[in-house]
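Descriptive structure summary
Listed below are the residues making up each chain.
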Amino acid sequence: MQAARPTPFERRCRFLEAIQQPTTVIRPSSGWQAINLRELWQFRDLLLTLAMRDVKLRYKQTALGPIWVVLGPLLSAGIFSFIFGKVAKLPSDGVPYFLFSYAGLLGWNSFSMTFGKASGSLVGNAHLVSKVYFPRLILPLSGLFTTGLDVSVALAMLAMMLLINHVVLGPGLLLLPVWLLLIQMLAMGAGLFAGALMVRYRDVGTIQGILLQFLMYVVPVAYSVSAVPVNLRAIYFLNPLASLLEAFRWSLLNRGTVHAGYLVYSAVCAVLVLAAGALFFRRTERTFADVI
């Protein structure tokens, strides 16, 4: 039995109902676009979900679990103490070399972890980028939660060691969040650059691993700035991470010297690198799903 054909009036009513339905059209951005903070806020649940997933995967199927957060820096600090403290006999600003190098490693690890997670976040979540729409900036930002957790646990361990060694803290401890924020800004900006490039060029991951190994020894992680020749310090502090790590350790140990001029330069560099990295990421994200 053939169904009755709709009358012209019924067809018109159906047409009006169809055009009144809200429609969302997703188009790739063109040119240089500012970061859409409102859109990031709308996807805050996804950001939290990805952050919790990273935390769970980090300790899944591990025998020691969160102990690895402090075990790695402890082993590295022991090696640095032997090589730079016992063999090379470099100064440690009046504190045990183990504490000195451990404090430096905390600042360095906060940088390297954020940079590594941000740069590899897109390639590591290629299945999401190619199939689901969401602000791609969510992926590198989600790694900040894991970094914050690891740094907090490592700082708790350092506080115990400072009490055991009777190290008196100074007012510079109040500035520790400022140095940590600037380090994270610098790492995130560089990570956004590397992450956007890695989508198209996978060898960026290999290059960044080599550069990180080199960078670790040209910043004051295992040695003090006082070990750098005076005539080379102006060139040495062209690296904005150098003065930030020195200030980070100064806040923790109340030892060493901070230079206001170099710190202002480093802060400006951190802001510029973050802004440039975010703009470059935003500029190239429309091609991520096509080439990843």
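Structural notes, computed from the coordinates. Since we're looking at a predicted model, the values are computed, not measured. (Residues numbered from 1 in each chain as written. Predicted model: local features only at pLDDT ≥ 70, side-chain atom pairs only at ≥ 80, totals over all residues. Heavy atoms only, no water.)

**Overview of the overall build of the protein chain**
The following threshold applies: Numbering of helices and strands starts at the N terminus; helices are DSSP runs of H or I of at least 4 residues and strands are runs of E of at least 2. The buried label applies to any residue whose accessible area, calculated with a 1.4 Å probe on protein chains only, is under 20% of its type's maximum; exposed applies above 50%, and partly exposed to all values in between. Residue contacts are defined here by distance: any two heavy atoms, one from each residue, within 4.5 Å place the two residues in contact. In this description, accessible areas are obtained by the Shrake-Rupley approach with a 1.4 Å probe, and a residue is regarded as covered only by the protein chains that are shown.
The helix and strand tally for the protein chain stands at 13 helices and 0 strands. Mapped from its N terminus to its C terminus, the protein chain presents α and β elements in the order α-α-α-α-α-α-α-α-α-α-α-α-α. Counting only residues that meet the buried cut, the protein chain has 41% of its 292 residues in that class. Of all intrachain contacts in the protein chain linking residues separated by at least 6 positions in sequence, the fraction that spans at least 24 positions is 80%. Surface accessibility of the protein chain: about 16,400 Å² in total, with carbon and sulfur atoms responsible for 68%.

**Brief notes about the nonpolar core**
Test applied: We define a nonpolar core as any set of buried Ala, Val, Leu, Ile, Met, Phe, Trp, Tyr and Cys residues linked to one another through side-chain atoms lying within 4.5 Å.
Y102, W108, F111, L158, W179, V221 and L241 are the most contacted members of the largest nonpolar core, which totals 52 residues. Elements with a minimum of two residues in this core: helix 4 (67-87), helix 5 (97-124), helix 7 (138-164), helix 8 (176-200), helix 9 (203-216), helix 11 (240-253) and helix 12 (260-284). At 10 residues, the largest contribution of residues to this core is made by helix 5. Setting aside chain neighbours within four positions, we find L158 in contact with L99, Y102, A103, L106 and L252. Core analysis: the next-biggest nonpolar cluster, separate from the first, contains 17 residues, L50, A118, L137 and L192 among them.

**A short note on the packing of helix 7 against helix 8**
Spelled out, the test is: In this analysis, axes come from line fits to C-alpha atoms, helices being fitted only over the stretch in contact, and the angle between any two N-to-C directions falls in the range 0 to 180 degrees. Whether a crossing is left-handed or right-handed is set by the direction in which the near helix is turned from the far one by less than a right angle, anticlockwise for left-handed and clockwise for right-handed. In this classification, the charged set is Asp, Glu, Lys and Arg, the nonpolar set is Ala, Val, Leu, Ile, Met, Phe, Trp, Tyr, Cys and Pro, and all remaining amino acids, among them Gly, are polar.
Two elements in contact, helix 7 and helix 8, have axes whose closest approach is 12 Å; the angle formed by their N-to-C orientations is 145°. The hand of the helix 7/helix 8 crossing is right-handed. Here helix 7 contributes P140, L141, L144, T147, V151 and L155 to the contact with helix 8, which in turn contributes L176, L180, Q184, M188 and L192. The residue inventory of the contact of helix 7 with helix 8, partitioned by class, reads 9 nonpolar, 2 polar and no charged.

**Details of the layout of surface pockets**
To be explicit about the condition: Computed over the protein atoms alone on a 1 Å grid, cavities are sets of points where a 1.4 Å probe fits but cannot get out and pockets are open sets with protein on both sides within 12 Å along at least five of seven lines; a residue lines them when it has an atom within 4 Å of a point. Grid points are joined across faces, edges and corners, and a volume is the space filled by probe spheres set on the points.
Reported here for the second largest pocket is a volume of approximately 290 Å³. Contributing to the lining of the second largest pocket are 15 residues, with F111, F115, A190, L212 and L215 lying nearest its centre. Looking at the lining of the second largest pocket, the elements that each hand over two or more residues are helix 5, helix 8, helix 9 and helix 11. Considering each element in turn, the lining of the second largest pocket owes the most residues, 5 residues, to helix 9. Its residues assigned to classes, the lining of the second largest pocket comprises 13 nonpolar, 2 polar and no charged.

**Notes on the environment of P73**
Relative to the helices and strands, P73 resides in helix 4. Relative accessible area serves as the criterion here: at 7%, P73 is assigned to the buried category. Taking C-alpha positions, P73 is 9.7 Å from G104, a pair spaced 31 residues apart along the chain. Contact partners of P73, with chain neighbours within four places excluded, come to W68, Y102, L105 and N109.

**Examining the packing of aromatic side chains**
Applied cut-off: By convention, a stacked pair of Phe, Tyr or Trp rings (six-membered ring in the case of Trp) has centres within 6.5 Å and planes under 30 degrees apart, an edge-to-face pair has planes over 60 apart, and any other such pair is tilted. As a reminder, the over-ring test applies to NZ of lysine and CZ of arginine, requiring each to be within 6 Å of the ring centre and within 35 degrees of the ring normal.
Under the defined criterion, the tally for this structure stands at 10 aromatic pairs. Geometrically, the ring pair formed by F80 and F84 is edge-to-face, given 5.7 Å between the ring centres and 70° between the ring planes. Here F84 and F80 lie together in helix 4, a separation of 4 residues that amounts to about one turn. Ring geometry for Y236 against F237: centres 5.5 Å apart, planes inclined by 80°, an arrangement best described as edge-to-face. F237 shares its class with Y236; the two are buried. Put simply, the rings of F80, F84 and Y217 touch in pairs and so form one group of aromatic residues. The side chain of R136 reaches across the aromatic face of F134, ending 4.8 Å from its centre. Looking at R249, its charged tip hangs above the ring of F100, at a distance of 3.8 Å from the centre.

**With respect to the packing of helix 5 against helix 7**
Formally: Our angle categories are set so that under 35 degrees counts as roughly parallel, over 145 as roughly antiparallel, 65 to 115 as roughly perpendicular, and the remainder as oblique.
Running from N to C, helix 5 and helix 7 point in directions that differ by 170°, and their axes come no closer than 8 Å. Taken together, the axes of helix 5 and helix 7 lie roughly antiparallel to each other.

**Looking at helix 12**
Put simply, the rule reads: Expected helix span is computed as 1.5 Å times (number of residues minus one).
With 25 residues, helix 12 extends 36 Å from end C-alpha to end C-alpha; this agrees with the ideal 36 Å at 1.5 Å per step. Listed as buried for helix 12 are L263, S266, C269, A270, G277, A278, F281, R282 and T284. Those residues of helix 12 that are buried lie in contact with helix 2 (37-42), helix 5, helix 7, helix 8, helix 11 and helix 13 (288-291).

**Digging into the pattern of salt bridges**
Using the following cut-off: What counts as a salt bridge is simple: a side-chain nitrogen of Lys or Arg found within 4 Å of a carboxyl oxygen of Asp or Glu.
Enumeration according to the criterion identifies 3 salt bridges in this entry. One salt bridge connects R53 with D54, and the closest N-O pair in it is separated by 3.4 Å. In this structure, E285 and R282 form a salt bridge, with 2.6 Å as the shortest nitrogen-oxygen distance. Across the pair, exposure class does not vary: E285 and R282 are buried alike.

**As for the side chain of S101**
As a reminder, the rule being used: Whenever two N or O atoms come within 3.5 Å, that pair is a polar contact, provided that in protein one can donate a hydrogen and the other can accept it, and provided that, for residues adjacent in sequence, both atoms are side-chain atoms.
Position of S101 relative to the elements: it lies in helix 5. A relative accessible area of 0% means that S101 is categorised as buried. Engagement of the side chain of S101 in a polar contact is seen with the backbone oxygen of A77, the distance being 3.3 Å. Apart from residues no more than four positions distant in its own chain, S101 is found in contact with A77, F80, S81 and V221.

These results come straight from atomic positions and should not be treated as a statement about function.
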